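Residues per chain, in single letters:
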Amino acid sequence: MSTTAPPQLHDCRDAYVATLVELAEQDPRIVAVVNDSVGSSKLGPFGAKFGERLVNVGIAEQDMVGVAAGLANGGKIPFVSAAACFLTARAMEQIKVDAAYSQHHVVLCGMSPGMAYGELGPTHHSIEDLAWLRAIPGLTVIVPSDPEETAQAVRWAAQHDGPVFLRISRMGVPDVNPEGYQFVPGRAVTLRDGTDVTLIATGTVVSRALAAADLLAASGVSARVLSMPTIKPLDDDAVLAAARETGAIVTVEEALTSGLGGAVAELVVRHHPVPMRFVGVPDTFAPTGSVEWLLDHFGISPQGVADAARDVLGR
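Residues numbered from 1 in each chain as written. Predicted model: local features only at pLDDT ≥ 70, side-chain atom pairs only at ≥ 80, totals over all residues. Heavy atoms only, no water.

Colleague: Describe the sheet that holds strand E8 (residues 197-201), with residues and values.
Modeller: In space, the five strands of this open sheet follow the order E7-E9-E8-E11-E12, with mixed pairing throughout. Each edge of the open sheet is held by one strand with a lone partner, namely strand E7 (189-192) and strand E12 (276-281). The mean angle between the axes of side-by-side strands here comes to 25°, regardless of whether they run parallel or antiparallel. For E8 and strand E9 (residues 223-227), the ladder comprises five bridges, and the chain directions are parallel. Bridge pairing in E9 links Leu199 to Val225. On top of the sheet, helix H10 (residues 260-271) reaches E8, strand E11 (249-256) and E12; it is set at about 145° to E11, its chief contact. (Pairing = 2+ DSSP bridges. Helix = DSSP H or I, 4+ residues; strand = E, 2+ residues; numbered from the N terminus. Axes fitted to C-alpha atoms, helices over the stretch in contact; angles between N-to-C directions. Contact = heavy atoms within 4.5 Å.)

Colleague: An account of the packing of helix H9 (residues 236-246) against H10 is needed here, citing residue identities and associated values.
Modeller: Where H9 meets H10, the axes come as close as 10 Å, and the angle between the chain directions of the two elements is 60°. Between H9 and H10, the angle is such that the two are oblique. Considering how the two elements wind past one another, H9 and H10 form a crossing that is right-handed. Facing H9, whose interface residues are Asp236, Val239 and Leu240, H10 presents Val264, Leu267, Val268 and His271. (Parallel < 35°, antiparallel > 145°, perpendicular 65-115°, else oblique. Left-handed = near helix turned anticlockwise from the far one by under 90°.)

Colleague: I'd like a rundown of the sheet that holds strand E10 (residues 230-232), residues and numbers included.
Modeller: Pairing in this open sheet of seven strands is mixed, and the strands run E2-E1-E3-E4-E6-E5-E10 from one edge to the other. Of all the strands in the sheet, just strand E2 (54-56) and E10 have a single pairing partner and so form its edges. On average, each strand axis in the sheet is inclined to that of its neighbour by 20°, with strand direction left out of account. Examined bridge by bridge, strand E1 (residues 30-34) and strand E3 (residues 77-83) share five bridges and lie parallel to one another.

This is how it looks when you write it as structure tokens:
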């Protein structure tokens, strides 16, 4: 009897660093700014080749973003690499004022986001970042789902003339995007078509939405799966088409449900209200535990997503 091998899982930090080194070889303006996080950002290869272009400010996140803004003002293209929980919570004012308000070309790379630091508890979880950052005008918010999308998003951010936040996953993820895929900010990816309900997922949990669609298909429910790599700008057309054509939406994210879920709900309620359910972390601090346990605890699993879809359909 033949068995299907499980998909290979990837740490997207590897794709991030490989792409950053490639860009730095071509463009001397590329620099990395870190908060004593060379190891956790996997920037060793970058430092080995471009030591003079790696700026380590120590554990001083506000200074880190301010330094990056100054470098951008001086013609450099800074990639700020830090644990997402500390980058967004400690340096929010600098992200708002020095990067977004000033419209500097600063690329903020939130490493190990969501609940990747599971056992270290709520102080190290970054589940609020999407909700916080999508409220800041002029800031593009990108949540890649696999290594190829991560690499393409890094390349796009390097040439985009404005501030960008990139969520860089450390939790192992499979390849989910089709061959020949091209990342475009503000454009969703239809990974599976369906007519009964739409599952809109982002980042690390896209593969779980695809697995949920398989579970639903086995019980006669046709689920569309949209991967949403940018929370801001959102793909309004794809969301509203899903609302019109399937009549029900479930959002899936490794974050508070006021991130992707809130963005989708705000759009749908204004233009084409349909029943919705939200899969993610509710209004609570996540407890301590492994990332797999935490995802299952909050129903961010194939079964949990399928159950949410059945609930919104009343089946």
